[in-house]
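Listed here are the chains, written in short residue letters.
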Protein chains: 2
Amino acid sequence: MSGSRKKHLQVYFERGSQFHGHLSPGLAIGIFMVDLAQDILGPRELVDTVVETKLCLPDAAQIMTPCTYGNGWMTVKDWGKFALTLYDKEKLDGVRVYLDMEKAKNYPHLYQWYLRLDQVKTEEVLSEIMEAERAIFSWEKVRVKLPPKEKGLVSICPSCGEAHPASDGELCPRCGGKDDYYQVITL
Amino acid sequence: MSGSRKKHLQVYFERGSQFHGHLSPGLAIGIFMVDLAQDILGPRELVDTVVETKLCLPDAAQIMTPCTYGNGWMTVKDWGKFALTLYDKEKLDGVRVYLDMEKAKNYPHLYQWYLRLDQVKTEEVLSEIMEAERAIFSWEKVRVKLPPKEKGLVSICPSCGEAHPASDGELCPRCGGKDDYYQVITL
């Protein structure tokens, strides 16, 4: 197997670098990870994914599968774990691939980079990822259970006049003081 | 302006349909929305985005800007509001464009679809979106404040052996019972 996947995956390294802005170590690991998950799951009619970190890995899934953040076929769990599940949307069985820290120990720069133990050069981490390919992963077969996606009622917020899910209450999340990220600049 | 944006944006309608899987009404509105935000903000060296819904709109941002979910330049707020902010990553000033429900009233199928008041045909909604272009939006200038992205310590979960943010405590979110989405199938 060694050396055989890089060539097969070249198109994704290029597409991924363009989409993500650069080839980060996380994206590179992610491309090998999605590829392995796809191989184990085999052909299925409809495949969804759950990604267990917000960092880098979602972009590997978005360029290699029909699942995107905006179409809802990719669910992101903000667990900070470098793992993902590809699963059959109908049958709900799937495969979960994860970065195996015991195996990662064989790649000292990668190991130190991932655990933030020491400053390491990105090129050295990338070089080890390319050498490792699938050798840093383990996987398990899983059955997936996610909460149903409900499309509830929509309300108009009496404060800002914008539409929001009625389940939030009368006010939208921002006007209700639940969260915020901007101040309006009045000119 | 009427009719002039569709042609200019044709490449994004095609790329968006491919990335998202199909041209949904939300994606189509999103393409006009990102385009308007880019026009108002004008050229900046580095532009980040905050999207206020998980549905469809993030994909418009991902295909039209360098911001993706996995590279962290796109932040998604799960507010269920059809709005987004493009902002200068250095200066933190930006423009927030939102779906203006008062203006949307001029497009009855779109209005009914968005507020889920009645069953409407997707083609009729899409037809009104293409007619409306920017006529359903309002915008405001904003100053953005997001919490800093901290890269904290990483721990190994003593239960599953996988790495996770140390800030979660000893156990990872799944082993600690905070969240879950799968059962392992033992063969």
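Structure report, in brief.

Conventions used here
- Residues numbered from 1 in each chain as written.
- Chains lettered and ligands numbered in written order.
- Predicted model: local features only at pLDDT ≥ 70, side-chain atom pairs only at ≥ 80, totals over all residues.
- Heavy atoms only, no water.
- Contact = heavy atoms within 4.5 Å.
- Buried area = accessible area lost by both parts, 1.4 Å probe.
- Salt bridge = Lys/Arg side-chain N within 4 Å of Asp/Glu carboxyl O.
- Helix = DSSP H or I, 4+ residues; strand = E, 2+ residues; numbered from the N terminus.
- Pairing = 2+ DSSP bridges.
- Axes fitted to C-alpha atoms, helices over the stretch in contact; angles between N-to-C directions.
- Expected span 1.5 Å × (residues − 1).
- Buried < 20%, exposed > 50% of the residue type's maximum accessible area, 1.4 Å probe, protein only.
- Core = buried A, V, L, I, M, F, W, Y, C linked by side-chain atoms within 4.5 Å.
- Phe/Tyr/Trp six-rings, centres within 6.5 Å; stacked < 30°, edge-to-face > 60°.
- Lys NZ or Arg CZ within 6 Å of the ring centre and 35° of its normal.
- Parallel < 35°, antiparallel > 145°, perpendicular 65-115°, else oblique.
- Nonpolar A, V, L, I, M, F, W, Y, C, P; charged D, E, K, R; others polar.

Here's the deal with the interface of chain A and chain B
Line of reasoning, step 1. Taken together, the 57 residues of chain A in the interface contact 57 residues of chain B.
Line of reasoning, step 2. Of the roughly 5,200 Å² buried between chain A and chain B on both sides combined, carbon and sulfur atoms contribute 60%.
Line of reasoning, step 3. In terms of surface lost to chain B, no three residues of chain A exceed Tyr 69, Trp 79 and Tyr 181 of chain A, which account for 18% of the buried area on that side.
Line of reasoning, step 4. For Asp 179 of chain B, the salt bridge is made with Lys 77 of chain A, and the minimal N-O distance between the two is 3.0 Å.
Line of reasoning, step 5. Contributing elements (two or more residues each) for the side of chain A that touches chain B: helix 2 (10–20), helix 4 (57–64), strand 3 (83–88), strand 4 (93–99), strand 5 (137–144), strand 6 (154–156), strand 7 (163–165) and strand 8 (182–184) of chain A.
Line of reasoning, step 6. Broken down by element, the side of chain A that touches chain B gets its largest block of residues, five residues, from strand 5 of chain A.
Line of reasoning, step 7. Relative to strand 5 (residues 137–144) of chain B, strand 8 of chain A runs antiparallel, the two sharing three bridges.

Some remarks on the sheet that holds strand 8 of chain A
Line of reasoning, step 1. The strand order across the open sheet formed by six strands is 8(A)-5(B)-4(B)-3(B)-1(B)-2(B), and the pairing between neighbours is mixed. Each having just a single partner strand, strand 8 of chain A together with strand 2 (74–76) of chain B make up the two edges of the open sheet. Direction aside, neighbouring strands of the sheet carry axes that sit 30° apart on average.
Line of reasoning, step 2. Seen against the sheet, helix 3 (residues 25–41) of chain B touches strand 1 (47–51), strand 3 (83–88), strand 4 (93–99) and strand 5 of chain B and runs at an angle of roughly 150° to strand 4 of chain B.

Concerning helix 3 (residues 25–41) of chain A
Residue and element names in this part refer to chain A.
Line of reasoning, step 1. Across its 17 residues, helix 3 extends 24 Å between first and last C-alpha, which sits within 8% of the 24 Å expected from 1.5 Å per residue.
Line of reasoning, step 2. Of all 17 residues in helix 3, 14 are buried; the element is thus mostly enclosed.
Line of reasoning, step 3. Two residues or fewer after helix 3 comes Gly 42, characterised by a positive phi angle close to 75°.

Let's talk about helix 7 (residues 122–132) of chain B
Line of reasoning, step 1. Along helix 7 of chain B, the residues classified as buried are Val 125, Leu 126, Glu 128, Ile 129, Met 130 and Ala 132 of chain B.
Line of reasoning, step 2. With its phi angle positive at about 50°, Glu 133 of chain B sits one or two positions after the end of helix 7 of chain B.

Digging into the nonpolar core
Line of reasoning, step 1. Judged by nonpolar contacts, the single largest core of 92 residues is most densely connected at Ile 136 of chain A together with Ile 136 of chain B.
Line of reasoning, step 2. With residues near it in sequence (within four places) discarded, Ile 136 of chain B still touches Ile 29, Tyr 98, Leu 99, Asp 100, Lys 103, Ala 104, Tyr 107 and Leu 110 of chain B.

Notes on the packing of aromatic side chains
Line of reasoning, step 1. Counted under the stated rule, the structure contains twelve aromatic pairs over all chains.
Line of reasoning, step 2. Taken together, the ring pairs in this structure connect Trp 79 of chain A together with Tyr 181 and Tyr 182 of chain B into an aromatic cluster.
Line of reasoning, step 3. Above the ring of Tyr 182 of chain A, the side-chain terminus of Arg 174 of chain A is found at 3.8 Å from the ring centroid.

Considering the packing of helix 3 of chain B against helix 7 of chain B
All names here are of chain B.
Line of reasoning, step 1. At a minimum axis distance of 9 Å, the contact between helix 3 and helix 7 shows a crossing angle of 5°. When the interaxial angle is binned, helix 3 and helix 7 end up roughly parallel. Seen from helix 3, the contacting residues are Pro 25, Ala 28, Ile 29 and Phe 32; seen from helix 7, they are Thr 122, Val 125, Leu 126, Ile 129 and Met 130.
Line of reasoning, step 2. Across the contact of helix 3 with helix 7, the residue classes tally to eight nonpolar, one polar and no charged.

Quick word on the sheet that holds strand 1 (residues 47–51) of chain A
Line of reasoning, step 1. Pairing is mixed across the open sheet formed by six strands, whose spatial order is 2(A)-1(A)-3(A)-4(A)-5(A)-8(B). Because the sheet does not close on itself, it has two edges, and the strands there are strand 2 (74–76) of chain A together with strand 8 (182–184) of chain B. This sheet shows a mean twist of 30° between the axes of neighbouring strands, independent of strand direction.
Line of reasoning, step 2. As defined by bridge partners, strand 1 of chain A adjoins strand 2 of chain A across three bridges and the pair is classed as parallel. Looking at strand 2 of chain A, one finds that Val 51 of chain A is bridged to Val 76 of chain A.
Line of reasoning, step 3. Contacts between helix 3 of chain A and the sheet are confined to strand 1, strand 3, strand 4 and strand 5 of chain A, with strand 4 of chain A contributing the most and set at about 150° to the helix.

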